[in-house]
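# An overview of the molecular structure
The lines below spell out each chain.
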Amino acid sequence: MGFMTFKTTMLSNLFKKPVTTKYPAEPAVYPEGSRGHVVIEIEKCISCTICALNCPSGAIKVDRAARTWEINRYDCIQCGYCTLKCPKKCLHMAPGYQTPGPEKSIEHYDRPPEEEKPAAPAANAAATNAGDGK
Ligand code: SF4
Ligand code: SF4
């Protein structure tokens, strides 16, 4: 009886799809509601450092002078708190997690340079010309 059950199970398994997926050959499907990872829209960032000051695991570093924003994904616990605190709404959670690796690499972002302010209106030049008396 036991042998027959074993044989039936073995035969049926030959024709069933595998229960597990061949990760990473087949990309993982993240279930709805999984927290994922932090992404930044660096062009919106103002280097206020609020995200870094509120991160419970110290995963974010902001250098205002150097205009950089960094995250250590291995320290991040995906709590999402930084995304709630950012005043510019430039942090979001997106599906997916840090790929395992042998080294704790830091992800680095540079804020783009400020746009050049347009030149002052030509009022000064006009005034100068008017007072020229020529
Ligand atoms: S999700 Fe949480 S742990 Fe990760 S960077 Fe944001 S505040 Fe820090
Ligand atoms: S809180 Fe937002 S705007 Fe401020 S440094 Fe962090 S990402 Fe940039």
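Everything in this summary refers to the structure shown in the same document. (Residues numbered from 1 in each chain as written. Chains lettered and ligands numbered in written order. Predicted model: local features only at pLDDT ≥ 70, side-chain atom pairs only at ≥ 80, totals over all residues. Heavy atoms only, no water.)

## Some words on unusual backbone geometry
Convention followed: Helix and strand assignments come from DSSP, with helices taken as H or I runs of at least 4 residues and strands as E runs of at least 2, each series counted from the N terminus.
Look at T49: it is not a glycine, yet its phi comes out positive at around 75°. Looking at the secondary structure, you find T49 in the loop between β1 (37-40) and α2 (50-54).

## Details of the packing of aromatic side chains
Given two aromatic rings, their pairing is described by the distance between the two centres and the angle made by the two planes. As a reminder, the rule being used: Here a pair means two rings of Phe, Tyr or Trp (six-membered ring of Trp) with centres within 6.5 Å. Their orientation is stacked below 30 degrees between planes, edge-to-face above 60, and tilted elsewhere. The cut-offs for exposure are 20% and 50% of the maximum accessible area for each residue type, with area from a 1.4 Å probe on protein chains only; residues under the lower value are buried, those over the upper are exposed, and the others partly exposed.
Tallied over the entire structure, the rule returns two aromatic pairs. An angle of 65° between the planes, with centres 5.5 Å apart, marks the rings of Y30 and Y97 as edge-to-face. Note that Y30 is positioned in the loop between α1 (2-14) and β1 and Y97 in the loop between β4 (91-94) and β5 (107-110), a separation of 67 residues in sequence. Residue Y30 is classed as partly exposed on the basis of its relative accessible area, which comes to 32%.

## Quick notes on the side chain of R111
As a reminder, the rule being used: Under the rule applied, a polar contact is a pair of N or O atoms within 3.5 Å (in protein, one hydrogen donor and one hydrogen acceptor; residues adjacent in sequence only if both atoms are side-chain atoms). The contact definition used throughout considers only heavy atoms, calling two residues in contact when any of these lie within 4.5 Å.
The residue R111 is located in the loop between β5 and α4 (123-130) in this model. Since its relative accessible area comes to 13%, R111 is described here as buried. Reaching out from R111, the side chain makes a polar contact with the side chain of S47 at a distance of 2.9 Å. Excluding its chain neighbours within four sequence positions, the residues that come into contact with R111 are I42, C45, I46, S47 and R67.

## Some remarks on the sheet that holds β5
This is how it is decided: When DSSP locates at least two bridges between a pair of strands, those strands are taken to pair. For every element, the axis is a line fit to its C-alpha atoms; helices are fit only across the contacting stretch, and the angle between N-to-C directions ranges from 0 to 180 degrees.
A sheet is described by the order of its strands in space; here three strands give the open sequence β2-β3-β5, paired in antiparallel fashion. Strands at the two margins of the open sheet, each flanked by one partner only, are β2 (60-63) and β5. Within the sheet, the average angular offset between the axes of one strand and its neighbour, ignoring direction, is 15°.

## Some details on the pattern of salt bridges
Any two side chains of opposite charge can pair, so long as their charged atoms come close to each other. Quick note on the threshold: The salt bridge criterion pairs a side-chain nitrogen of Lys or Arg with a carboxyl oxygen of Asp or Glu, the two atoms within 4 Å.
Evaluated as defined, the whole model comprises five salt bridges. For R73, the salt bridge is made with E107, and the minimal N-O distance between the two is 2.8 Å. Taken as a pair, R73 in the loop between β3 (68-71) and α3 (81-85) and E107 in strand β5 lie far apart in primary sequence, 34 residues in all. On the accessibility criterion, E107 (29% relative accessible area) is partly exposed. Here R111 ties to E114 by a salt bridge, and the two come within 3.5 Å at their closest N and O atoms. Judged by its relative accessible area of 57%, E114 is exposed. Through salt bridges that share partners, R67, R111 and E114 make up one connected network.

## Some thoughts on the site of ligand 2
Selection criterion: One heavy atom within 4 Å of a molecule or strand makes the whole residue count as near it. For this scheme, ten residues count as nonpolar: Ala, Val, Leu, Ile, Met, Phe, Trp, Tyr, Cys and Pro. Four count as charged, namely Asp, Glu, Lys and Arg, and the remainder, Gly too, count as polar.
Taken together, 13 residues form the shell around ligand 2, and within it C45, C48, T49, C51 and C86 come nearest. In terms of residue class, the shell around ligand 2 is built from ten nonpolar, two polar and one charged.

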